[in-house]
Structures are given as C-alpha cells and as structure tokens.
Amino acid sequence: MKAKVYITPKAGILDPQGVTIERSLPALGFEGVHNVRVGKYIELELPAGDGAAEAVDQMCQKLLANPIIEDFEFELVPE
Amino acid sequence: MKAKVYITPKAGILDPQGVTIERSLPALGFEGVHNVRVGKYIELELPAGDGAAEAVDQMCQKLLANPIIEDFEFELVPE
Amino acid sequence: MSEPAQKPAYELLGLKKKEYDGICDAMGREPNYVELAVFSLMWSEHCGYKHSRPLLKHLPTEGERILQGPGENAGVIDIGEGRAIAMKIESHNHPSAIEPFQGAATGIGGIVRDIFAMGARPIANLDPLHFGSLDKARQRFLLEGVVEGIAAYGNCMGIPTIGGEIHFEDPYEGNCLVNVMCVGMVENDKILRARAEGPGNLVVLFGSTTGRDGIGGASILASAEFDESAEEKRPTVQVGDPFTEKKLLEASLEMRDKGLLVALQDLGAAGISSSSSEMASKGGVGIDIDISRVPLREQGMEPFEIMISESQERMLAVVTPENEQAVLDTCAKWDLDATVVGKVTDTRRLRVFDGDELIGDMPVTALVDEAPTYVVDTVRPAHEVDEPLAGDHYPEPKDYSEVLTALLASPNICSKRWVYEQYDHMVQTNNALWPGGAAAVLRIKGSDTGIAVTTDGNGRHCYLDPRRGARAVVAEAARNISCVGAEPVAITNCLNFGNPEKGEIYHQFREAVEGMGEACEALGTPVTGGNVSFYNESFGQAIYPNPVVGMMGIVDDVRLIQDHSFKDEGDVILLLGGARPAVDGSEYQLVVHGEVAGRIPDVDLEMEKQLQKLVRAGILEGKIKSAHDVSSGGIACCVAEAAIAGGAGADIELETDGLRPDLLLFGEAPGLIVVTVAGADADAFIAAAGDVPAQRIGRVAGGALRFRADGEELASMPVADAAGAWGSALEKILEH
Amino acid sequence: MAASSQTSVETVRFGVVVFPGSNCDADSYDMVNTFPGAGARYLWHKDTVIEDVDCVFLPGGFSYGDYLRCGAIARFSPIMAAVRDFAAAGGLVIGICNGFQILLEAGLLPGAMHQNEGLKFICKLVSLRVENAGTPFTSAYEKHQVVKIPVAHHEGNYFIDDEGMAALEANGQILFRYCDDDGEVTAAANPNGSLGSIAGICNAEGNVFGMMPHPERVSDAIVGGTDGRAFFQSIIDSVLEGRE
Ligand SMILES: Nc1ncnc2c1ncn2[C@@H]1O[C@H](COP(=O)(O)OP(=O)(O)O)[C@@H](O)[C@H]1O
Ligand SMILES: [Mg+2]
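Trainee: How should I be thinking about the interface of chain D and chain C in this particular structure?
Mentor: Interfaces are often sized by the accessible area lost when the parts come together. Taken together, the contact pairs 30 residues of chain D with 33 residues of chain C. For the pair chain D and chain C, the interface holds seven salt bridges. Linking Lys120 of chain D and Glu144 of chain C is a salt bridge whose minimum nitrogen-to-oxygen distance equals 3.7 Å. One can count 13 residue pairs in polar contact (both at pLDDT 80 or more) joining chain D with chain C. Elements with a minimum of two residues in the side of chain D that touches chain C: helix H1 (25–32), strand E6 (122–130) and strand E7 (146–153) of chain D. With four residues, E6 of chain D is the single largest residue contributor to the side of chain D that touches chain C.

In structure tokens:
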C-alpha cells in the first residue's frame, strides 16, 4: 500500500524558506499571500497489513521528521 | 483561504533523496519499503476569491515548483 | 490533420544521408535500430568531433611534463616527486540553459568523473561562466541556479571550487556558458587509463541504476517502434546525485589502491555505447555487453535505450576474473550496485546481447575513429576589421572618478564574493591563496610544491579578432599563473562557439584554434585535452566565439607565492611590459561608450615570456611584494583592485606619451603587469629588468586612490569608496 | 582510508568517524596528526565497537548526502550506537559541522538545525567569541577571546526552545558565539541566523561538543590561520590531565 506523509514546520517555529517565498511573491505580482510554510511531502510504498500504520508512524518519528522542529501527518492509501 | 500544495519529482526523474532514504530504511528495521519519493508540501494563505485557484497555479509554475523536473497539485481549503 | 511525410529514422537522429551510407559501408549492411541509435550518437558532433577534429590535430600537445595528452579522460602532468596532476575542462551549456541548477550540478558530476577515471583524487574545481546582462530576470535566475547547482554538487563531494570567472554580456543571453574544470592529484604509478585489455576480462558497471535520462533525440526510435505516447516518459533533464558520486569516487580510488582495475572509464555522453567502444578502441580489442544484466530504474526500457542512456553517476571498469569478487566487495562496502555486464573479446567489435540474443554488432573502429569530418569554407565576418579605432573616436569623459567607479561596479569587474562564498573553497585544506586573486594556489600535502590554476576567456576580444583573442587568452592565463610566482606548464581548453556549419563561425573557430596553438607553442604550455561546444546559438544569434583556457602552473616552494594586494606604505608601484592600452574591446568601451568595435592589440608573445619570467623571479626572490595583471578596466582598475585588497591607497603618476588619458587609464592591452617593490629595491629592480619595459608609476600611500597623468589630476577617491563600489555591486543587483 | 597511524598509550588518540559522504575526514585526520602528542585513526561507520580512542571525532561533510535532513540518516549508522555508549561512559565526543548536525539528530546534543537564514551555502572566515574557557574543548583559549575560524554549511541555523536555551545559558554550555571583529555579538555578525548567535555548544555533562565552524581548517598557517589549534590542544591537554 501507499503512504503519503506530510511534514510541516512546527507552529511558531521559524521557517526561513517560507519567509523567503512570502517576501518574493509580491514582486511576482501575488499580493496578500501570508503564512507560507514549507514542509516535505513523502510518498512511499510498503507491504499492506495491520502493522502498516504503526510502521509509518515509527518511520516518521525516527527518521522522516525531526520532532524538535517538525510535525507530521500521514495517510495510507490502499492500491 | 488556505492552499495546500503538493510537489513531487516527475516520473522518471531520479530522486536521490528518495533512493537514499529507501536504502537506509532496512537498517532501521523497516523492510520492504520501496518507491520512496521526496517532494515538498507547502501551505499558504491567500485572499479568497474567484482568482485564487488561478493564482496558486501561477505561483506553483513560477516559483514554488520547478515544472521542468517537478509536478505539482494543490487544493484550496476555505477557512 | 494530415500525416507528415515520414522522414527516415537516420535523419530524425541527426545523420545525413551520406553519413548513413558511411555507416552501411562500415557495417556491410543496414544497421538495425540498436546499431543506428549507437552510431547516431557516436557520430554526433558531441562524440565524433566532426567539425573540430581536423583543426584540433594541430594543437601542440607534447612536453617534458606531459604524461598524458588528449585522448584520455583527462590530461596528466608530472609535477615532480612522483606526483602528477590530472585536469580537464568541459562545457554543460545547453543543459544549464534549460535547468540551471541541475544542468550545472551534473556538469560538475561529469567532469569530476573524468578526473577520477584517471585514478586521480579531485582536489579543485573551477567554473568559468557566461550569462546575458543581469538587467534581465531570466539571467539572474540562471546565474543563481547555476551557482547553487555547482555549490550543491561540489560542496557535497568535498571538492573545493577555488576559481573560475563570470562574465555578463548580451550575446550570452540565449546561450549561457557553463564550463567546469576539475583538477586532480595522482601518484605517477597509480594513473589509470581507459584501455580495455585482455580478452576474457570482465566489464563491470557500477554506480547508479540506469534510467531513460538523456535519451533525447533518440527517443524517436521508440516512437518509430511503438508509436505510443511514450514521449513524455523521457525526461530531458537529469538530476545530479552527488552523494552517489562521492561513493563512486571513493570506491574507484580504493580499487585503484588495491590494484584491482585493468581500466576505468566514466559514462558520459552516449552512456554504455561510448564508454565501452572507446575503451575497446584504445585497447585494440572488442567488447560484448549484455544489456539484460544492466540494473534499471525504470520499467520497460528498450535495449537501445539502455545502450545510450546518459544516467549520471556510473562507471565502467575492466577487471580480471580473479579480481571480480574483490571489485564487487569494494562496491558493496560503499553501498554501490555493481554488475558484470560484459567481457573483453578479441573481435574488435562492440557486440550487444539481450541475454543470449545478439541484437547489435558493430566494428569498434568505425564507431570511435571513423566519424566523418568536415571542413567548412570560411567567411570573415564584416565586424572584423584591420584597423583599430582612432584615439579620439569617442569623446573624452569629463569625470574620470565617475568612470572608475562605474567600471569597478561593472558586474564583469566587481567582486565575485557573492558567488565564491557559496562554494566550499576551503575543504581539503590546501588553499594557499583564497579566492579573489589572479590564480588559485594549492599546496600539495607532503611536499613543498604548490600548483596554481586559473581559467581565462575573453569572448569579446575573440569576437573582434578570434586569432589575436585566443592568443591573448592563453597569454593572460599564463600571466595570471606567473603573477602568483608559479611557472605555467600546460592547459586544457573548452571551445565554445556557434554553429560550425556556417562559414563565419567556422572562420572564428579556425582562427581561434590556430591562435591558441601559436600561443601555447610560444609559451611552452601544451594542450592536454579539452572539449568543444558548438551550436551555442539561438534565433540565429551566436555567442561570442569563446575559447576558455584552463591553465596549471607549478611553484617549487609554495611558501614563496605572492598575491595581488598592496602591502606597505611607501612601496614603489611599477608598471611592467610595453603594451599600449587600447579602447577596442575594452570594458571601458562597452560600459561608457556602449559599443564593442575596433581591433584588439595583438600580444607580443616573446615579450610576454620575458615579462612573466621577470615577475616570477622577482616573486621567488622576495623582491616583488604584489603582482596584478592589467585586464578588464585597464591600469586604473588593476591598481584599484590591488589597493582594495591591501586596504592601502595609491598615488599614481603616469606619462601619457601621446595616448589620451582615458585610454591610458581604462584601455586594455595584453602584456602589462603592475607590481610593488620596497622603495629601496626599486632602482635595482628596474635596472635588472633588461628588455622588459619597467616604469615607476607611483607609491603605496595613504587611504586614497589618486591618478595623475603628465602632472594633471584625473581621478581620486578614498579606497573605502572604491571598495564599496567594487565589493557590493553583485549583491546589489541580485538583491535589488 | 589507510591503516591507523602509530599510536601509543602516551598519545592522545582521536577516532575520526568516516561516513560514506564525509569529506572533512582526511583534513581532520591529517590535522590531528600534526600535534606531537596526538594520533588519529579512522572509524568506519559500519563499525560497532570503539576501542583505543580517547576522543571520537565526527568530521564535516555530507554523511549521507545530507538528503532529507543533515545528519538524519547518519545517526542510525552502526557506529552511532557505539558513540552513544562511548559518550555515556564519559568519553569525549566532538562533532564539527556535519558532525554537530549528527549529534543533534542523535539527541546527544540539544536543539536542531534549520537552513541558513539566507537559504544559501556560506563559506567564509567568521569571528567567534569564546564564551566558556573552562571546558575540555576550550581550555587553551581565554574567556571572551575572539578567534577567526571559517564556516562552510547550508544548515547551521541553530534552534532550541526557550527552556532549552535557558538551560544552555545556565550551565555554561554555550562555548562559542558568532561575533564581529571586536567581539560584539551582533545580528550583522551572525552568518546563518542561529538563535543566540550560537556557534558551538556542549552537553550538560560537558563531554560532548559540537560546532559549525571548522577549526581543522585554520590549524596551519600556510592555509590561512592557526586559531583552530587551541581547540585541539584543549582536548589533548584534558585527556592527558585525566590520565594523571
Ligand atoms: N578543444 C580540445 N582541445 C584538445 N583536445 C580536445 C579538445 N576537445 C576535446 N579534446 C579531447 O578529445 C577527447 C574526447 O573528448 P570527450 O569526448 O569530451 O571526452 P570525455 O567523454 O571523456 O569527456 C578527450 O581526450 C579530449 O581531451
Ligand atoms: Mg570521460
């Protein structure tokens, strides 16, 4: 099955990429955009089964996200 | 309103990050994971209105994604 | 819509009818699709050097120190004590124009592989870059992307990017130039070559998996065969993976150290086809490849796609059967895939198998050495004139200080700190000079020796006179090397031109190659290899003809080198060399008068040799306390840069000798060097200069720059103001 | 990656860890060996034991390409379990640049790294102020001494939460801050946006240390400076003292 993982900078934590994008948008003609936050989107395939959700959660905790500065969410999509 | 943007490497384009993560997962005790693809997940807020979808599409094309090597999708979420 | 008339496949692959006939002759039959795909690439301009081979043949390539000239992955130069330097320059212009970050990154990847294919450990990268004017957003985007791409790849590999150059001018707007040079160090007895030998030996492919990258034009074969909408599945842009390349480098050098390799070759253009056939050609053998054994990263790849895929970060090795396991083990240690994909034969043919089935069978010699060559009738373009502009062609500027400030802030002259601070230029801890000077100097660990490296080009000068321009480029590179105290030894070159099928372009190419050869001959710096990049034009507008020279020099005691900064109050500033500055082709002409016209002065190569010898000797004897060659922006900018670097002012008094002061200060001519010596040494130095004209032009003094000619003050400003204009110009433009 | 250099019991032994993407490993190794009282050897990331080592040295580089996050994958290398044990037993562990990032990811030091504020890789000489000269890593410096040591990184923008910061301050765990040439800690002198202008910290126990700047790059006058030597001298002194 497929897992879709969304990793976002923790609320209240500086996001230098988001800040830079937000600053450069007006010059491109996009006014009024705010709260830009840049995170990661990871897709992966893993064996289906009862343990899948637990496995993805563990992967996120241990490797894919850094809990000090990032939050994560994921969804499992059967194929 | 809020836009959620998902950016992924185009099919067929090498994704060195995905490959490296995939290779390292077995050592962490996660077997059988494959097709890991790493992209970006961006959230932003913009003025609601008819032009919002068009604006986000343009932002993706011009700034957020690199259309030569990346695909993007987005959804608009009213608040 | 009506069906377009179907063109023959060879034509869609860029081959001419005559070329196709030649292939049929060599094969003794018509080629199948696999063979046609392989031939079309091997006989492309890129691999086959169809328009350049006849001229390149005449370049001087021999010298006492040359251990390997053109013909291998890189040239190799003996630097003494059992050590050698491998170096090569290459272009990645077209990919960078499409996707600057990845184009530049994979450019670094490619040139680095060429260096470690020789068994050398890469110790430095250099990056000569050319873009259109930074007024345009697209050009700023290209610059930022290219610099980030080079940084991302080189920094990750741990190879310091220590030099290069950056030039901005309109002719590069549609075709940026991204040339990349790599320098490596190898012990003489560990040099590897790409000669496949020993029928029965195995061919091992290691590194990344193979995908559809870079199939490019040949993809029409797939549509011809399947007619599916397979087209969009084939990315034209390749993504670099520096981490895999780092492992490839370490694994290759470890196998070198263990003596496991008969031959080593990187996979570049045309992938397995060219690497295997070139290795076979060099060794006078044949190679069988079984494409079914190649690890793939995409499903459903056609045999021809596997043969010509240009997937990055792959190497091909020839190993004896006894060493097979050790090679596979070393790759496993570095977490790299490695597969035996073929073997060496005595057939002198490249045979392609899909499992047991023979699907291609081509004579190696025809593939590698028999691509047709072309010589085009030359046409001298109308802008090339015989006479230089008259001395009063342009009005004399009213405010010389303003001109000096404008020149110092010109993107072509200003500080390139914004660029080189993005490069890890210190890793490997060898740099005896930090970026920003005439040439970069690296110490060679474990010895007193240092090497100096530089890249130089001057498309604008070559546009006005390609022969003089190319001669001057070689001389300038040598001057840069000499200005740190090192002796110029050898060059590698990257020849960037427009469409060579046009008489005017071919004229530029021929003149430039001949001019380069003359200068290399005269200065004793043979050509160890290089690269040719044609078709740098869009919408009929070609780039300036732009030969780029990468030069290396040697200094026996690296502690004696000198930089360009003014040192002590009271030091005497001398101008060495007799060249007469001219407005033609100068940065001054373009920035202030908005034109590029006239004829550049020719370099006096005999005088140049003596001038450089004088400067080197003066540095090594400790007499010369700073040396800086006069180039863009003329004597005024040369002095200003030395003053800024040293944080010291200069009082300059020149004699016009009939030259209008603006030309004297801002004009350009090859063959001038500004040096400083201690006051007490000045007279003796001048007396010992022999035939080299040496004149006192001022003193290091105070905190201001002052220029006078024939007693009349022309320009003056605090060094801090000059430093401000020069130091922040690029940031200001990019951060506007 | 040749055999280890000659070491004797008298010598202070540095174990330089080599990850597949390390690239300051050889610089670090060579530099340690320029100290008469010290000897370096390499430790391979797949090793599971650390023996005959006084100080584990995680060098700079891009351990696993620094894909995903710097140091995120390296932290799971077999050697890191051994490094953890080594540290728990009181051994000295230093991480320079990528090594610092790995120690953060591994939780051996508190905090995390963001991308540099300017989003660009920065390589340049910067000034640092020694904040605490009473540690095994800084004893050969003087408190508030200003030293010039280069940075070369893309992700050196140090972050820690308020509580963590308070603890760092209270325990004297901040050893280096970015400053201007006069030793003033200013925003303009902060090259990457690090909170508190932090350039280097140690753990509460005082035996694990990480810094972004590269002292091994300024330990030889011919390549631009010697301000880094005192860092290594401190470690050597401290190990020798411990043996007395
Ligand atoms: N401008 C040039 N001057 C001298 N030698 C050249 C030049 N261009 C190419 N060569 C030589 O021709 C050979 C083939 O070049 P190339 O196909 O670019 O090699 P590679 O695929 O290893 O990069 C090399 O040995 C190269 O050095
Ligand atoms: Mg090659």
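Still more ground to cover, so stick around.
Trainee: In this structure, what is going on with the relation of the copies chain B and chain A? I would like to understand it.
Mentor: Relating one copy of the chain to the other takes a rotation about an axis and a shift parallel to that axis. For the pair chain B and chain A, the best superposition has an RMSD of 0.3 Å and corresponds to a rotation of 179 degrees with a translation of 0.0 Å parallel to the axis. In the structure described here, the two chain copies are related by an operation that fits a two-fold rotation axis. Looking at the rotation axis and the C-alpha trace of chain B, the residue lying nearest is Lys40 of chain B, at 2.1 Å. Counting the interface residues of chain B, we find that 100% of their copies in chain A are interface residues as well, pointing to one common contact surface.

Trainee: What's the story with the site of ligand 1 in this structure? I'm lost.
Mentor: All names here are of chain C. Taken together, 17 residues lie around ligand 1, and Tyr49, Gly71, Glu90, Asn493 and Gly530 are the ones closest in. Between an oxygen atom of ligand 1 and a main-chain N or O atom of Gly71, the distance comes to 2.7 Å. Here Asp114 contributes a side-chain N or O atom positioned 3.1 Å from an oxygen atom of ligand 1. For the shell around ligand 1, the secondary structure elements donating two or more residues are strand E3 (83–91), strand E16 (487–496) and strand E17 (527–533). With five residues, the single largest contributor to the shell around ligand 1 is E17. Split into classes, the residues belonging to the shell around ligand 1 amount to seven nonpolar, six polar and four charged. Mapped onto the domain boundaries, the shell around ligand 1 takes at least three residues apiece from domain 1 (1–60 + 193–371) and domain 2 (61–191 + 429–561).

Trainee: Whenever I open this one, the sheet that holds strand E10 (residues 198–202) of chain D confuses me. Can you help?
Mentor: Pairing between the strands of a sheet comes from backbone hydrogen bonds, and it takes one of two forms, parallel or antiparallel. Residues and elements named next belong to chain D. The strand order across the open sheet built from nine strands is E2-E1-E3-E4-E11-E10-E9-E6-E7, with neighbouring strands paired in mixed fashion. Every other strand in the sheet has two partners, leaving strand E2 (38–44) and E7 as the edge strands with one partner each. Ignoring strand direction, the axes of neighbouring strands in this sheet form an average angle of 25 degrees. Summarising the sheet, strand E4 (residues 92–96) and strand E11 (residues 208–211) pair through four bridges and their orientation is parallel. Following the sheet pairing, Ile96 is matched in E11 by Met211. Of the strands in this sheet, strand E1 (12–18), E2 and strand E3 (55–58) touch H1, which is tilted by about 155 degrees from E2.

Trainee: Quick question: what am I supposed to make of the coordination of the magnesium ion (ligand 2) here?
Mentor: For a metal bound by four donors in tetrahedral geometry, the ideal donor-metal-donor angle is 109.5 degrees, whereas six donors in octahedral geometry ideally sit at 90 or 180 degrees. Residue and element names in this part refer to chain C. Within the protein, the magnesium ion (ligand 2) binds to Asn73 (OD1), Asp114 (OD) and Asp266 (OD); these donor distances fall in the range 2.1 to 2.4 Å. Positions of the donor residues of the magnesium ion (ligand 2), expressed as sequence spacing, correspond to N-x40-D-x151-D. Here the residue Asn73 occupies a position in the loop between strand E1 (66–68) and strand E2 (75–80), and Asp114 occupies one in helix H7 (residues 100–117), the gap between them amounting to 41 residues. No difference in accessibility class separates Asn73 from Asp114, as the two residues are buried.

Trainee: What exactly am I supposed to notice about the pairing of strand E27 (residues 712–718) of chain C here?
Mentor: For a regular strand, side-chain orientation follows a simple rule: the groups alternate between the two sheet faces. All names here are of chain C. Note: strand E26 (residues 704–709) against E27, six bridges, orientation antiparallel. When the sheet's bridge partners are listed, Arg708 is paired in E27 with Glu713. Where E26 folds back onto E27 in an antiparallel hairpin, the turn is made up of two residues, including Asp710, whose phi is positive at roughly 45 degrees.

Trainee: Please explain the pattern of salt bridges as it appears in this structure.
Mentor: Side-chain pairs of opposite charge can arise whenever the charged atoms involved come near each other. All names here are of chain C. Following the criterion strictly, the structure yields 72 salt bridges over all chains and no others. Two residues, Arg113 and Glu245, come together in a salt bridge whose shortest N-O distance is 2.6 Å. Of the two residues, Arg113 is situated in helix H7 and Glu245 in helix H10 (residues 242–257); the sequence distance between them amounts to 132 residues. Taken as a pair, Arg113 and Glu245 share a single burial class, namely buried. Note that Arg460 and Glu169 form a salt bridge whose closest N and O atoms lie 3.0 Å from each other. Placement of the pair is Arg460 in helix H17 (residues 459–464) and Glu169 in the loop between strand E5 (161–168) and strand E6 (177–187), with a sequence separation of 291 residues.

Trainee: Help me out: how do you make sense of the interface of chain B and chain A in this one?
Mentor: The partner chain A presents 31 residues to the 31 residues of chain B that form the contact. Its largest share of buried area at the contact with chain A, chain B owes to Phe30, Tyr41 and Glu45 of chain B, together 23% of the area lost on that side. Run the count over chain B and chain A and you get zero salt bridges. Across the chain B-chain A interface, the total number found is eight residue pairs in polar contact (both at pLDDT 80 or more). Mapped onto the side of chain B that touches chain A, the elements with two or more residues apiece are strand E1 (2–9), helix H1 (16–24), strand E2 (34–45) and helix H2 (52–64) of chain B. Element by element, the count of residues in the side of chain B that touches chain A is highest for E2 of chain B, at twelve residues. Looking at the side of chain B that touches chain A residue by residue, the class counts come to 18 nonpolar, seven polar and six charged.

Trainee: Which parts of the structure should I look at to understand the side chain of Asp290 of chain C?
Mentor: Residue and element names in this part refer to chain C. Summarising the element assignment, Asp290 is placed in strand E9 (residues 286–290). This buried residue, Asp290, is left without a salt bridge; Arg293 holds the nearest opposite charge, at 4.9 Å. A polar contact is formed between the side chain of Asp290 and the backbone nitrogen of Gly355, at a distance of 2.9 Å.

Trainee: Teacher, can you tell me more about the pairing of strand E13 (residues 357–363) of chain C here?
Mentor: Counting buried residues in E13 of chain C gives five out of seven residues, a clear majority hidden from the surface. The antiparallel hairpin formed by strand E12 (residues 349–354) of chain C and E13 of chain C contains two residues in its connecting segment, where Gly355 of chain C sits at a positive phi of about 70 degrees.

Trainee: Quick question: what am I supposed to make of the packing of helix H15 (residues 400–408) of chain C against helix H22 (residues 634–646) of chain C here?
Mentor: Relative orientation and spacing of two packed helices are given, respectively, by the angle between their axes and the distance between those axes. Residues and elements named next belong to chain C. Axis separation between H15 and H22 bottoms out at 10 Å; the angle between their running directions is 65 degrees. With respect to their mutual orientation, H15 and H22 come out roughly perpendicular. Taken as a pair, H15 and H22 cross one another with a handedness that is right-handed. Of the residues in H22, those touching H15 at Leu404, Leu407 and Leu408 are Ala636, Cys637 and Ala640.

Trainee: Help me understand the nonpolar core, please; the structure alone is not making it clear to me.
Mentor: Generally speaking, soluble globular proteins have nonpolar side chains that are buried together. Core analysis: the biggest nonpolar cluster contains 162 residues, and Leu64 of chain A, Phe206 of chain C together with Phe14 of chain D have the highest contact counts within it. Contact partners of Phe14 of chain D, with chain neighbours within four places excluded, come to Val32, Ala38, Gly39, Ala40, Arg41, Val53, Cys55, Phe57, Phe232, Ile235 and Ile236 of chain D. Core analysis: the next-biggest nonpolar cluster, separate from the first, contains 49 residues, Leu36, Trp43, Ala270 and Val364 of chain C among them.

What counts and what doesn't
- Residues numbered from 1 in each chain as written.
- Chains lettered and ligands numbered in written order.
- Predicted model: local features only at pLDDT ≥ 70, side-chain atom pairs only at ≥ 80, totals over all residues.
- Heavy atoms only, no water.
- Contact = heavy atoms within 4.5 Å.
- Salt bridge = Lys/Arg side-chain N within 4 Å of Asp/Glu carboxyl O.
- Polar contact = N/O pair within 3.5 Å; in protein donor to acceptor, adjacent residues only side chain to side chain.
- Helix = DSSP H or I, 4+ residues; strand = E, 2+ residues; numbered from the N terminus.
- Least-squares fit on C-alpha atoms with pLDDT ≥ 70 in both.
- Near = heavy atom within 4 Å.
- Nonpolar A, V, L, I, M, F, W, Y, C, P; charged D, E, K, R; others polar.
- Domains from an automatic or database assignment.
- Pairing = 2+ DSSP bridges.
- Axes fitted to C-alpha atoms, helices over the stretch in contact; angles between N-to-C directions.
- Donors = N, O, S within 2.8 Å, 3.2 Å for Na, K, Ca; no water.
- Buried < 20%, exposed > 50% of the residue type's maximum accessible area, 1.4 Å probe, protein only.
- Buried area = accessible area lost by both parts, 1.4 Å probe.
- Lys, Arg positive; Asp, Glu negative; His and termini not counted.
- Parallel < 35°, antiparallel > 145°, perpendicular 65-115°, else oblique.
- Left-handed = near helix turned anticlockwise from the far one by under 90°.
- Core = buried A, V, L, I, M, F, W, Y, C linked by side-chain atoms within 4.5 Å.

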